[in-house]
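One-letter residues, chain by chain:
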Amino acid sequence: MRYSPSVTQLIAELAKLPGIGSKSAQRLAFHILSLEKSQVKDLTEAIVSAHHNTRLCQECQNYTDEDPCAICSDTRRDRSTICVVESPKDVSTIERTREYKGLYHVLHGVYSPLQNVGLDALKIKELFSRLQRHDDIREIILATNQTAEGEATAMYISRLVKPSGIKVTRIASGLPMGSDIEFADDITLSKALKARHDF
Amino acid sequence: MRVLSLHLENFRNYIALDLEFGSRVNVLYGYNAQGKTNVIEALYLSASVRSHRTSKDKELISHGKDYYKVCIDIQSDRHNSRSESLALAFYDAEKSISNISKKRRQAFHNSIELDKISRYFGLFNAVIFAPEDLLLIKEGPSVRRRFMDILISQIRPSYFYDIQQYSRFLNQRNRVLKQLRAATGKIFNHQSIPELDAWDSCMAPYAARIIIQRKHFSRRIAECAARFHDNISDQKETLELRYHTVTGVNELGDDFKTLLMPNADPNPEVLYEIESFLLSKWKQTQSDDIDKGVTGIGPHRDDLEISLNNLNIRLYASQGQQRSAALALKLSELSILQEETDEMPVLLLDDVFSELDAYRRMALLKSLGESQVFITCTDRDFVSKELRPLCPSMFSDTDSIRYFHVREGRIEVTD
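Residues numbered from 1 in each chain as written. Chains lettered and ligands numbered in written order. Predicted model: local features only at pLDDT ≥ 70, side-chain atom pairs only at ≥ 80, totals over all residues. Heavy atoms only, no water.

### Brief notes about the pattern of salt bridges
This structure, assessed with the given rule, holds 28 salt bridges over all chains. The partner of Arg-159 of chain A in a salt bridge is Asp-197 of chain B, and the shortest N-O contact between them spans 3.5 Å. Of the two residues, Arg-159 of chain A sits in helix H6 (residues 148-161) while Asp-197 of chain B sits in helix H5 (residues 194-232), which places them in two different chains. The class for Arg-159 of chain A is partly exposed, based on a relative accessible area of 38%. Here Arg-209 of chain B makes a salt bridge to Asp-162 of chain B, at a shortest N to O gap of 3.0 Å. Highlighted residues: Arg-209 of chain B in helix H5 and Asp-162 of chain B in helix H4 (residues 157-182), separated in sequence by 47 residues. Looking at Arg-209 of chain B, the relative accessible area reads 26%, which means it is partly exposed. (Salt bridge = Lys/Arg side-chain N within 4 Å of Asp/Glu carboxyl O. Helix = DSSP H or I, 4+ residues; strand = E, 2+ residues; numbered from the N terminus. Buried < 20%, exposed > 50% of the residue type's maximum accessible area, 1.4 Å probe, protein only.)

Here it is, written out as structure tokens:
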């Protein structure tokens, strides 16, 4: 694999992106080289302007062009509930359901000492200062992932928030809709059985 | 349960190997260091996802290769059952280029990849008898924890998940302890440390479930082992096993013990009681743990204490007595697996007869029953000369014995 220095450089930069291996990076690089000049300009400008215009919403810490973000400044939303998630993409996933009318808080990661991600690296301080600023918040929904680290992060927040009297809830875990019980793994199934409800 | 065939890729000294087995006795013979045990090891790995010789999967990959793969076809004892295929693969992360999924370990059942290794457990059961069994008696608690863990995982797959989760939480907690230790100038007495409490609360339920399962199964192992040992030692000596947990859960008293008795599916109150007990213990030992940088209390420090005539078997028993105890433990494993799964596990006898006297050989042969057996030995005639006289019924029908000659990593079926 001997490419010219500028192509090699492009491949190297693309390969740094998450989910892109060396082969995908090569494919993307050659695709970019085959584009029209104007298309390349659109792409680079989109990257630069997204990076330049995007900042964190001072309230929910989600990425936004306007501060506060569209969700936080929407007066129709329920301001007494905050849903705590790991990453911005979780916000858009939950928004897609159109079921949730409250606000969000994005942590930008989970507590994982082994990966050297400490509590300071997460937007937890920002969550607490938000709780102090707004006394109309009644409930915190912890929607971190159902992994060991997601559980521990939720547990940490729960223990610190509970004394304040604010209601703390954790999203339920169980069987995916439209799935057969037959194919559920034992752990999910036993959790679903434990969390059964009157019907 | 029967193994119909075995396929190996880049496993130990086999770059590629395909074997078809007989449904009763399979004898692998050949000189030392030719690869007999490697076949046994691959079969054992197919049952327990771990080798009986090493905990490092990398060591199982052939020299210069970047992965290994072990595939078997099996057939259950159940009436009219069809054959199933199982496969395990492991990729060396540093060298691997052929691995697309980027997972280090893959498991397949009937060619479908399983999303969790814990779902692989219980599909195929085997019990191994090997010279390493003696380590169960001679070595430290970790060997006996492993013995319990593998047995329970094969019977209750969710137990393996609990073990995995617990150790993940434990590693995270230990890292926090080290970070706290490094944070100079702080004094931690019994005050609450939120970053530690988060991990404690998360791992307590897993620890409680592990303790309950171990408590239940160690009781059953103890009953079984005592019975087998009576047979082997002609009732002259008493073998006793006791589950010892550093958590001091036994301090919870008789209420706790009776609650545990009836079955292995504990009610939520018992779990809750153990959880809160552990949480208070971890709080008490918090400053100690920070000093040492590791968690001192929990199921990761458990032991299965073994005594012979009320004396610690590790310190006071002879080599022969220890061997009898190890054999009794393994026979219990076989008997419990059989009882729980309603299947006769496949038996792997790796060079084990040479270390046993005629009396103990008899005890082992008697418990083989109708199961499929794999025997390794150096001499082809060992079975007909040494074993047939002890147990004529098992080896009388020469059709039921299949011989494999193992030489320099090649295996031939011989008459």
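### Quick word on the domain arrangement of chain A
Under the domain assignment used here, chain A contains domain 1 (10-36) and domain 2 (78-170). The C-alpha centroid of domain 2 of chain A is placed 35 Å from the C-alpha centroid of domain 1 of chain A. (Domains from an automatic or database assignment.)

### Describing the interface of chain A and chain B
On the chain B side, the residues contacting the 21 residues of chain A number 22 residues. In total, chain A and chain B occlude about 1,900 Å² of area from one another, counting both sides; carbon and sulfur atoms represent 60% of this. A salt bridge links Glu-149 of chain A to Arg-168 of chain B; its shortest N-O distance comes to 2.5 Å. Counting every contact that joins chain A to chain B gives eight residue pairs in polar contact (both at pLDDT 80 or more). Of all the secondary-structure elements, those providing two or more residues to the side of chain A that touches chain B are H6 and helix H7 (186-194) of chain A. Here the residues of the side of chain A that touches chain B are counted per class, giving twelve nonpolar, three polar and six charged. (Contact = heavy atoms within 4.5 Å. Buried area = accessible area lost by both parts, 1.4 Å probe. Polar contact = N/O pair within 3.5 Å; in protein donor to acceptor, adjacent residues only side chain to side chain. Nonpolar A, V, L, I, M, F, W, Y, C, P; charged D, E, K, R; others polar.)

### Section: the sheet that holds strand E10 (residues 303-308) of chain B
All names here are of chain B. Taken together, the three strands give an open sheet; going across it, the order is E9-E10-E11, and neighbouring strands pair in antiparallel fashion. Every other strand in the sheet has two partners, leaving strand E9 (239-244) and strand E11 (311-312) as the edge strands with one partner each. In this sheet, E10 lies alongside E9 in antiparallel orientation, the contact comprising six bridges. The residue bridging His-244 from the neighbouring strand is Asp-303, located in E10. The sheet contacts of H5 involve E9 and E10, and relative to E9 the element is tilted by about 175°. (Pairing = 2+ DSSP bridges. Axes fitted to C-alpha atoms, helices over the stretch in contact; angles between N-to-C directions.)

### A word on unusual backbone geometry
Of the consecutive residues Asp-67 of chain A and Pro-68 of chain A, the connecting peptide bond is found in the cis state with omega at 0°. For Pro-68 of chain A, the location among the structural elements is in the loop between strand E2 (63-64) and strand E3 (81-85). At Ala-33 of chain B, a position not held by glycine, the phi torsion is positive, near 55°. You can see Ala-33 of chain B is positioned in the loop between strand E3 (25-29) and helix H1 (36-48). Look at Ala-33 of chain B and you get exposed, because its relative accessible area is 80%.

### Considerations on the side chain of Gln-213 of chain B
Residues and elements named next belong to chain B. One can find Gln-213 in helix H5. A residue is classified by how much of its surface remains accessible, and Gln-213, at 12% relative accessible area, is buried. Separated by 3.5 Å, the side chains of Gln-213 and Arg-156 make a polar contact.

### With respect to the layout of surface pockets
All names here are of chain B. Approximately 1,200 Å³ is the volume attributed to the second largest pocket. Along its surface, the second largest pocket is lined by 36 residues, and Arg-50, Arg-105, Phe-160, Gln-164 and Ser-167 are the ones closest to its centre. Looking at which element gives the most residues to the lining of the second largest pocket, the answer is H4, with eight residues. Here the residues of the lining of the second largest pocket sort into 13 nonpolar, ten polar and 13 charged. The residues that make up the lining of the second largest pocket include at least three from each of domain 1 (1-125 + 345-415) and domain 2 (133-342). (1 Å grid on protein atoms, 1.4 Å probe; cavity = no way out; pocket = protein on both sides within 12 Å on 5 of 7 lines; lining within 4 Å. Points joined across faces, edges and corners; volume = space filled by probe spheres on them.)

### Structural notes on the domain arrangement of chain B
Residue and element names in this part refer to chain B. Assigned domains of chain B: these are domain 1 (1-125 + 345-415) and domain 2 (133-342). The distance between the C-alpha centroids of domain 1 and domain 2 comes to 29 Å. With 25 residues of domain 1 at the interface, the matching set in domain 2 holds 20 residues. Buried area between domain 1 and domain 2, summed over both chains or domains, comes out near 2,000 Å², and the portion from carbon and sulfur atoms is 62%.

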